[in-house]
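What follows is the residue order along each chain.
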Amino acid sequence: MPAIIIANKNGDYPEYDGKITVTVIICVIIAACGGLMFGYDIGVSGGVTAMDDFLEKFFPSVYERKKHALENNYCKYDNQYLQLFTSSLYIAALIASFFASKTCTKFGRKPTMQLASIFFIVGVVLSALGVNIEMVIVGRVLLGFGVGFANQAVPLFLSELAPVKMRGALNISFQLFVTIGILIANLVNYYTGKIHPHGYKISLGLAGVPALMLGLGSLLIVETPTSLVERNRIEEGRAVLKKIRGVDNVDLEFDSIVHACEMARQVTDPYRKLMKRPSRPPLVIAILLQIFQQFTGINAIMFYAPVLFQTVGFGNDASLLSSVVTGLVNVLSTVVSIVVVDRAGRRILLLESCVQMLITQTIIGALLLKDLKPTGELPSSEAMVVVVMVCIYVAGFAWSWGPLGWLIPSETFPLETRTAGYSFAVSSNMLCTFIIAQAFLSMLCSMQAGIFFFFAAWIVVMMLFAYFFIPETKGVPVDVMVERVWKQHWFWKRFFDGEEKEVEQKPKMIHPQLT
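Residues numbered from 1 in each chain as written. Predicted model: local features only at pLDDT ≥ 70, side-chain atom pairs only at ≥ 80, totals over all residues. Heavy atoms only, no water.

(A) Summary view of the packing of aromatic side chains. Summed over the entire model, instances satisfying the criterion amount to 30 aromatic pairs. Plain terms: the ring middles of F469 and F491 are 5.1 Å apart, the flat faces sit at 75° to each other, and that makes the pair edge-to-face. Linking F469 in helix α22 (residues 450–469) with F491 in the loop between α23 (481–484) and α24 (500–505), this pair joins segments that are 22 residues apart in sequence. Under the relative-accessibility criterion, F469 is labelled partly exposed at 22%. The ring of Y467 has R347 lying over it, and the distance from NZ or CZ to the ring centre is 5.9 Å. (Phe/Tyr/Trp six-rings, centres within 6.5 Å; stacked < 30°, edge-to-face > 60°. Helix = DSSP H or I, 4+ residues; strand = E, 2+ residues; numbered from the N terminus. Buried < 20%, exposed > 50% of the residue type's maximum accessible area, 1.4 Å probe, protein only. Lys NZ or Arg CZ within 6 Å of the ring centre and 35° of its normal.)

Laid out in structure tokens, this is it:
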């Protein structure tokens, strides 16, 4: 007879044995290079679109408008094709995420990351060596395929590889590498902006370095035990689990994985399963987290930081340097998240940062509304206040909605809908990123300082949503999330009403032992 493990009267489950091993550390570092790819591209595009050589080559009308002494501060970069240079990557990533979901399930997380690096490298070559805007945008589309595959595979890989007690910290390493990529891109742009006339090509070409690191490094890492068991490589999955946990006694965790995989195999169409009522809580939260993450306005600032700082009166070099400062704040604040997320929990970070971002967005908007006219510049003292407020705003985002927008969806779906559900999260993120990237410069032109109040209003909405509807997932094993989180939440438990009778008749059976 198979043994069962039953929750105690407090609803707690036995803890899994294991420790942080060298294998896990190496795998985390290599996989997180997918975040480095993503971050570098976020940072590099804003700096490149502010470089005169790039504008003169591909967007001569924008270049002439920028040089016009009396041109409207808010509108001098308003050009749909210039925005398409940035945003084309994200619409491609949206499409790619659905293909990446099937690749993750059928072939594993590791091959999906390898495919991401190949797409990215080809895209880098086309965008860096492009002789016309069409060639550059095709390169950006291929970069988008790489981002879509990497953003699908890496967070899932990290969540499945990490021990439960450190799942938050290790998963956030993806976001940490995103922020490091942004900082590196800002530093590169600062120096290549002085190299004429091909500095922008160096900036774009160096995006291939993290892609090579991911592609070559992925040859050294292990596949996750969950993915191996999911594809019927049972004993290999057990052996890998022993290796990454550093102990021989992995029966409880392994049996939980096997049980989850058996349940998953009963679902022939995970996308159809996602549409059913019990799948709604993690799906709704995953999608809304991505929408809210983008409508904080963070990527409007990270994409176009040099453009924004030029708008408030900084020169070209000073604006690039200011974006380096915000990039450094971004990295350091993400480290804060790694340290506290598994101690303080997810919800407190989300709520605290909403207050922080709301205050800073409001101050920035008020200063620009008061003193930045369509022509002219902000007084230097107020321009510095804007930079400080941007840094405080970025810090709040970087230790909360930035990393947790990827962490929470990666840990809340059951295995049978995990890759499909996470593909909805990735595609929602890419869709909203595309909308912001394509619309921001036009919104800045039409709304002027009001754009910061627009984002502040969104922050109020997301703060209310986080308070009432996002449950705490700290320390909860991925494969018991339904029992421990969704069925205990005041609102989401109603989506499981049809299962209550069955739950009352049966003990909680989470880890059926193999006979």
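Structure's up, so let's keep going.
(B) Here's a closer look at the environment of A264. Here A264 is to be found in helix α13 (residues 251–265). The sequence separation of A264 and T417 amounts to 153 residues, and the corresponding C-alpha distance is 7.5 Å.

(C) Molecular detail of the environment of F292. Within the element layout of this structure, F292 appears in helix α15 (residues 280–294). The class for F292 is buried, based on a relative accessible area of 5%. Considering only alpha carbons, one finds F292 and N429, 137 residues apart in sequence, at a separation of 9.2 Å. With near-sequence residues (within four places) excluded, F292 lies in contact with W401, W458, V461, M462 and F465. (Contact = heavy atoms within 4.5 Å.)

(D) Up close: the packing of helix α12 (residues 234–245) against α13. Put simply, α12 and α13 touch, their axes get as near as 10 Å, and they point 140° apart. The angle between the axes of α12 and α13 places the two elements in the oblique class. Our pair here, α12 against α13, has a crossing hand that is right-handed. Of the residues in α13, those touching α12 at I234, G237, R238, L241 and R245 are D251, E253, F254, I257 and R265. Counted by class, the contact of α12 with α13 contains 4 nonpolar, 1 polar and 5 charged residues. (Axes fitted to C-alpha atoms, helices over the stretch in contact; angles between N-to-C directions. Parallel < 35°, antiparallel > 145°, perpendicular 65-115°, else oblique. Left-handed = near helix turned anticlockwise from the far one by under 90°. Nonpolar A, V, L, I, M, F, W, Y, C, P; charged D, E, K, R; others polar.)

(E) Examining the nonpolar core more closely. In this structure, F54, F59, W401 and M430 are the most contacted members of the largest nonpolar core, which totals 143 residues. By residue number, the principal contributor to this core is helix α7 (residues 133–161), which donates 13 residues. In this structure, L176, L183, Y190 and V324 belong to the second largest nonpolar core, which totals 5 residues. (Core = buried A, V, L, I, M, F, W, Y, C linked by side-chain atoms within 4.5 Å.)

(F) Up close: a nonpolar patch on the surface. Taken together, I195, I202, L206, V209 and M213 make up a surface patch of nonpolar side chains, about 380 Å² in accessible area. Tracing the chain through its elements places V209 in helix α10 (residues 208–217). (Patch = residues over 30% accessible without salt bridge, like charges linked within 9 Å, V, L, I, M, F, W, Y side chains within 5 Å. Areas by Shrake-Rupley, 256 points an atom, 1.4 Å probe, with all protein chains shown as cover. Salt bridge = Lys/Arg side-chain N within 4 Å of Asp/Glu carboxyl O.)

(G) Representation of α10 within the structure. Every buried residue of α10 is listed here: G208, P210, A211, L214, G215 and G217. Buried residues in α10 make contact with α1 (22–31), α2 (33–49), α6 (109–129) and α9 (199–205).

(H) Representation of the packing of α1 against α7. One can describe the packing of α1 onto α7 by two numbers: an axis separation of 10 Å at closest approach and a directional angle of 165°. Classified by the angle their axes make, α1 and α7 are roughly antiparallel. Handedness of the crossing formed by α1 with α7: left-handed. Here V24, C27, V28 and A31 of α1 lie close against α7, whose contacting residues are V154, F157, L158 and L161.

(I) Main features of unusual backbone geometry. Residues H196 and P197 are joined by a peptide bond in cis, for which omega reads 0°. If you trace the backbone, P197 turns up in the loop between α8 (167–192) and α9. Within the chain, N232 stands out as a residue other than glycine whose phi angle is a positive 70°. Classification of N232 by relative accessible area gives exposed; the value is 54%. Here Q448, not a glycine, exhibits a phi torsion of approximately 55°, which is positive. Along the chain, Q448 falls in the loop between α21 (418–447) and α22.

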